[in-house]
Amino acid sequence: MYSKFGYMEYARYVFDKMGERNDASWNNMLSGLVRLGLYQESIGLFNEMLSFGVRPTGVLIASLITACDRSGLMVREGIQVHGFVVKAGLQCDVFVGTSLLHFYGTYGFVSNARRLFDEMPNKNVVSWTSLMAAYLNNGNPMEVVDMYRFMRREEVSCSENTFAAVITSCGSIENALLGYLLLGHVIKFGLENTVSVLNSLLSMFANFGSVKEARLIFDSMHKRDTISWNSMISAYARSGLCDESLRCFHWMRHVHMEINPRTLSTLLLACGSVDNLKWGRGIHGLVVKLGLNLDIWVCNTLLAMYSEAGRSKDAKFVFQEMSERDSVSWNSLIASYIQDEKYVDALEIFSNMLQNQNLVDYVTFTSALAACSDPKFVIQGKIVHALVITMGLQANLIVGNALVSMYAKSGSMNEAQQAFRIMPKRDEVTWNALIGGHAENQETDEAVNAYKLMRQEGTPMNYITFANVLGACLTPDDLLIHGWPIHAHIVLMGLESYKYLQNSLITMYAKCGDLNSSNYIFDALANKNSVTWNAMIAANAYHGQGEEVLKLLVKMRCTGVDFDQFSLSEGLAATAKLAILEEGQQLHNLAIKLGFDLDPFITNAAMDMYGKCGELDEVLRIAPRPVDRAQLSWNILISAFARHGYFQKARETFHEMLKHVKPNHVTFVSLLSACSHGGLVDEGLKYYNAMTKEFGVPAGIEHCVCIIDLLGRSGRLAEAETFINEMPVPPNDLVWRSLLASCKIHGNLELARKAADHLLELDPSDDSSYVLYSNVCATSGRWEEVEKVREQMGSNKIKKKPACSWVKLKDGVSSFGMGDQSHSQTEQIYAKLEELKKMIKEAGYVPDTSSTLQDTDEEQKEHNLWNHSERLALAFGLINTPEGSTIRIFKNLRVCSDCHSVYKFISKIFPRRIILRDSYRFHHFSAGECSCSDYW
């Protein structure tokens, strides 16, 4: 009586005063100590008992083993008790054996538990269930299922705990067929009203993603406990149905009343996204209100929620407010920094954890390796790898997988393969990391070979395996040799209905040049989710089908599928390429309406769109504050300034960027382009040298093209040729085309011929090679040479790309070719041109006929100039737009020098702002001046 009420001092007093004790006396005393968690004291009592020469019973030994089990720290004592059991001949006692099974399972000694089970002469349902629990708790759900099948063959009756274990295991291995079979067994055994069993079924169907079945079981329950409600909330949360999980919680509060930390933790996990963060913050408030902010479980879930939503600042705040922290807390904070791409902060936390090695576990190292996946952190990754070896974790499968993944993502595939080879055990995650790494690094053959080896070894393949290897197929040849057989293997495996793989197939066919097959797969799908639509949108964007991208967005909206960040950013990118401002503005406004205004992908896509549509002011308006700008935002801003002719602003932005983030490959392309178009030769050369020496950015072909353009435009053609000969990368068509264009400007026929020969050697069908060389000859008055080039083009059936200019108004796009007379307003347009010619001549305009590369008289040359497409477009714009409004004109080729002069005169005569975008850049004409300062 005293022990049951927890008064062990009184119990001991009575025990000590007893003149005679029997088995019950010792059993009551020891079980009382165990019940109160006085585990070491129970061992002391046992030793005291032995000193009195009392032979312990099986019940007492079972209580003693339970003490060793529950303490979590008494492995040695438990093994010693097992030795005593063997010595005392108590191994046949079913209660003792079952307690030992549970003991070994708790400490992870599953093989010992299995050996003991096999040696037990007498087993009951608790023995079977204890071993099943040992397998389940140590991550072997398949063994649990096998034990259940064996148990059924032995005709052992199952208890509710047995079913709870096997149903939970079934949910872990996601075997739906077995799950339904177990449901039948539950009904057969008459346990369909047992709360613990029904709770396990709820969780199992939640793991299958079968929310409907889970809800049917929940609704059929006559009695529900807190676990039932938590399981139903979890089922909705696992399926991403945040609203339903919140509704279920609201119902729970009104009907069940009792809420525990697990309830709120489940809800918080459901809110772990940007879209649902507002609800998560509300639950956070409730946590504080209920006083659960001191519960370490709940706080760790808060950390996980803010981490998933990319809110590392909020995660850090929760972490700092925690009164108690464990390894999960520290690991969650590292994960939040990784999710937010704050790798330095993540590694700093990891460094702090190393000072207290009790906190460090394999999860810590897995997270630290994930923080080193960026190529910039390869050295840090190798240091963490060395620490893995020092800590003796190199044989851990999860850590090994993280090592392969880290090296693969950082582009170090030799190291990834080495880490892969030395792993003592590999699973599908290991192979997927290796195949994905080869695919990411565009190593098609290596990815396919790894896939074949995986297949030969018999390692189970999943949808990630196929998605990774499909991602390695990039060319029409890859499609023929690898893509089709892999697609066939997917069908053979019965995986063609997986949404993830359907989307991967759409992408693979598009990247391999077969957009028709992508369309065929897409059109055949009955139920398309946002990821499927996005895959098809991306496929069309990859093929430059901007208009089709926008049409797909309209269809997607009409079918009721919600846009996400990817859909909207792809749409904005399409409007940027098509330079259609109005549609771009509509998409940006829709993004704001849908709550994506602060999303970095949307912001960057919108900045790029406004920059390419001529709205620099809008770019500056929506650009994040300098302290909040990501590297991509800075790059877009520098590029926008360069494209619009604000070269000094581009340089200033670059230097401001250096205060916040490091520049990359793209940054220097934009910066060097700005210097090239601005005539800033010395500055450009300094930036190029600093790029490799100070910033460690290797020179790519794009940087080299910029330098050749920089030198060529300024007339330093000999230096440009020397640079080409000494380039760190082989010259391509862009290099020779840039040099040839510079030769045209400065009339260097000899060097132009060299450049043209190289161009034609690379691509004999390239019309620009012939046209540019022909123009150089025409500029130099070599009309016979011009005629030869034209004859050569004719014999090779090569046609010059015709010039085209267009203006977009609300009622559509009007395009014009050279001397175009197909427009419905042709008479008005040519009349307007005559009017403009008269007005600007009176203002001092003198035609520059050097831009007309035909062997005709001056009068004909001037007439040809006034037939240029950009002048027709300008006349149309002046006729059809309100006075004082901005006119936006686009041209597919470089604007000629005389048209440029005409635009300047017209912008002075008319109080109009004219924006002309040619193939090189934007020209902003206003009050007789151009933003390019006549250097383009």
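For every chain, the first residue of the written sequence is number 1, and numbering continues from 1 along that sequence. Totals for whole chains, interfaces and linings use all residues, but because this is a predicted model, local features are given only for residues with pLDDT of at least 70 and pairs of side-chain atoms are given and counted only at 80 or more. Side-chain metrics rest on all non-hydrogen atoms present in the structure, leaving aside hydrogens and water.

Here we come to the overall build of the chain. For the chain, the helix and strand inventory stands at 51 helices and six strands. The C-alpha atoms of the chain give 37 Å as radius of gyration, which overshoots the globular expectation for 936 residues (30 Å, by more than 25%). Over its C-alpha atoms, taken along the principal directions, the chain stretches across nearly 135 × 55 × 50 Å. We call a residue buried when its accessible area falls under 20% of the maximum for its residue type, exposed when it is over 50%, and partly exposed in between, using a 1.4 Å probe and counting protein chains only. The proportion of buried residues among the 936 residues of the chain is 50%. For the purposes of this entry, the term helix denotes a DSSP run of H or I that reaches at least four residues, the term strand denotes a run of E that reaches at least two, and both are numbered from the N terminus. As defined in this context, the radius of gyration uses C-alpha atoms, and a globule is described by 2.2 Å times the residue total to the power 0.38.

Here the focus is the pairing of strand β1 (residues 804-809). Because side chains alternate across β1, one face comprises the buried residues Ser805, Val807 and Leu809, and the other comprises Cys804, Trp806 and Lys808, none of which is buried. Direction of pairing for β1 relative to strand β2 (residues 812-817): antiparallel, over a ladder of six bridges. Following the sheet pairing, tryptophan 806 is matched in β2 by serine 815. By definition, two strands form a pair when at least two bridges between them are found by DSSP. As consecutive antiparallel partners, β1 and β2 are separated by two residues. When β1 meets strand β3 (residues 887-891), the two strands line up antiparallel, connected through two bridges. Note that in β3 the partner of serine 805 across the bridge is lysine 891.

Our next topic: the nonpolar core. Soluble globular proteins: nonpolar side chains tend toward being buried together. Buried Ala, Val, Leu, Ile, Met, Phe, Trp, Tyr and Cys residues form a nonpolar core when they are joined through side-chain atoms within 4.5 Å. Among the nonpolar cores identified, the biggest contains 259 residues, and Ile61, Phe163, Ile167, Met232 and Leu739 are the most heavily contacted of them. By residue number, the principal contributor to this core is helix α12 (residues 195-208), which donates nine residues. Leave out the neighbours within four places in its chain, and isoleucine 61 touches Phe46, Pro56, Val81, Phe84, Val85, Leu90 and Val96. Counting residues in hydrophobic clusters, the runner-up holds 31 residues, among them Phe816, Leu865, Trp866 and Cys930. Note on contacts: a residue pair is in contact if any heavy atoms of the two residues lie within 4.5 Å.

A few words now on the environment of isoleucine 521. Turning to its location among the elements, isoleucine 521 is positioned in helix α31 (residues 515-524). When its relative accessible area of 14% is taken as the criterion, isoleucine 521 is described as buried. Every residue in contact with isoleucine 521, bar those within four places of it in the chain, is listed here: His487, Gln502, Leu505, Ile506 and Tyr509.

Here we come to helix α10 (residues 160-173). Every helix has an expected span of 1.5 Å times one less than the residues it contains. For α10, which comprises 14 residues, the first-to-last C-alpha distance of 20 Å matches the rise-based estimate of 20 Å (1.5 Å per residue) to within 8%. Those residues of α10 lying buried are Thr162, Phe163, Ala164, Ala165, Val166, Ile167, Ser169, Cys170 and Gly171. Here the buried face of α10 lies against α8 (125-137), α9 (141-153), α11 (176-188) and α12. Glutamate 174 sits one or two positions beyond α10 and adopts a positive phi of about 55°.

The next subject is the packing of aromatic side chains. Geometry of aromatic contacts follows a simple scheme: Phe, Tyr and Trp rings, the Trp one being its six-membered ring, pair when their centres are within 6.5 Å, and the pair is stacked under 30 degrees between planes, edge-to-face over 60, tilted otherwise. Inspection of every chain in the model, using the stated rule, returns 35 aromatic pairs. Both rings, one in phenylalanine 654 and one in phenylalanine 668, keep their centres 5.5 Å apart while their planes meet at 65°; by these two values the pair is edge-to-face. On the criterion of sequence distance, the pair formed by phenylalanine 654 in helix α39 (residues 647-657) and phenylalanine 668 in helix α40 (residues 665-678) is long-range, its members being 14 residues apart. As far as the burial class goes, phenylalanine 654 and phenylalanine 668 line up, both buried. Aromatic ring contacts, followed pair by pair, group Phe103, Tyr104, Tyr107 and Phe109 into a single cluster. Lysine and arginine charges are scored as sitting over a ring when NZ or CZ, respectively, is within 6 Å of the ring centre and within 35 degrees of the ring normal. We note arginine 224 situated over the ring of phenylalanine 218; from NZ or CZ to the ring centre the distance is 4.2 Å. The lysine or arginine in question, arginine 871, covers the ring of tryptophan 866, its NZ or CZ lying 4.6 Å from the ring centre.

Relative to the 20 Å expected for 14 residues at 1.5 Å per residue, helix α5 (residues 75-88) spans 20 Å between its end C-alpha atoms, a close match to the ideal helical length. Those residues of α5 that fall on the buried side of the exposure criterion are Glu77, Gly78, Val81, His82, Phe84, Val85 and Ala88. The buried residues of α5 occupy one face: seen down the axis, they fall within an arc of 160°. For α5, the exposed residues lying more than 90 degrees away from the buried face are Arg76 and Lys87. Picture the helix axis, draw a direction to every C-beta atom, and the arc is the one those directions span.

Below, the discussion takes up the packing of helix α4 (residues 58-71) against helix α6 (residues 94-106). Lines are fitted to the C-alpha atoms to define the axes, a helix being fitted only along its stretch in contact, and any angle between axes, read from their N-to-C directions, falls within 0 to 180 degrees. Interhelical geometry of α4 versus α6 gives an angle of 5° and a closest axis separation of 8 Å. Accordingly, the angle class assigned to the pair α4 and α6 is roughly parallel. Residue-level inspection shows Gly58, Ile61, Ala62, Ile65, Thr66, Cys68 and Asp69 of α4 in contact with α6, the latter providing Phe95, Val96, Ser99, Leu100, His102, Phe103 and Thr106. When residues are grouped by polarity, Ala, Val, Leu, Ile, Met, Phe, Trp, Tyr, Cys and Pro land in nonpolar, Asp, Glu, Lys and Arg in charged, and all others, Gly among them, in polar. Residues of the contact of α4 with α6, tallied by class, amount to eight nonpolar, five polar and one charged. These descriptions rest on fixed angle ranges, namely under 35 degrees for roughly parallel, over 145 for roughly antiparallel, 65 to 115 for roughly perpendicular, and the rest for oblique.

The working definition used for a salt bridge is a side-chain nitrogen of Lys or Arg within 4 Å of a carboxyl oxygen of Asp or Glu. This structure, assessed with the given rule, holds 28 salt bridges. Residue aspartate 118 is joined to arginine 114 by a salt bridge in which the shortest nitrogen-to-oxygen separation is 3.3 Å. Remark: arginine 114 and aspartate 118 occur in helix α7 (residues 110-119); sequence separation between them is four residues, near one turn of the helix. Where arginine 888 meets glutamate 615, a salt bridge forms, and the shortest distance between an N and an O atom there is 1.7 Å. Taken together, the positions of arginine 888 in strand β3 and glutamate 615 in the loop between α36 (600-612) and α37 (616-622) put the pair 273 residues apart, joining distant regions of the chain. By sharing partners, the salt bridges in this structure join Arg12, Asp16 and Glu48 into a single network.

What follows deals with the side chain of lysine 832. Relative to the elements of secondary structure, lysine 832 occurs in helix α48 (residues 826-842). If we skip the residues at most four places from it in the chain, lysine 832 touches Ala875, Leu878, Ile879 and Phe910.

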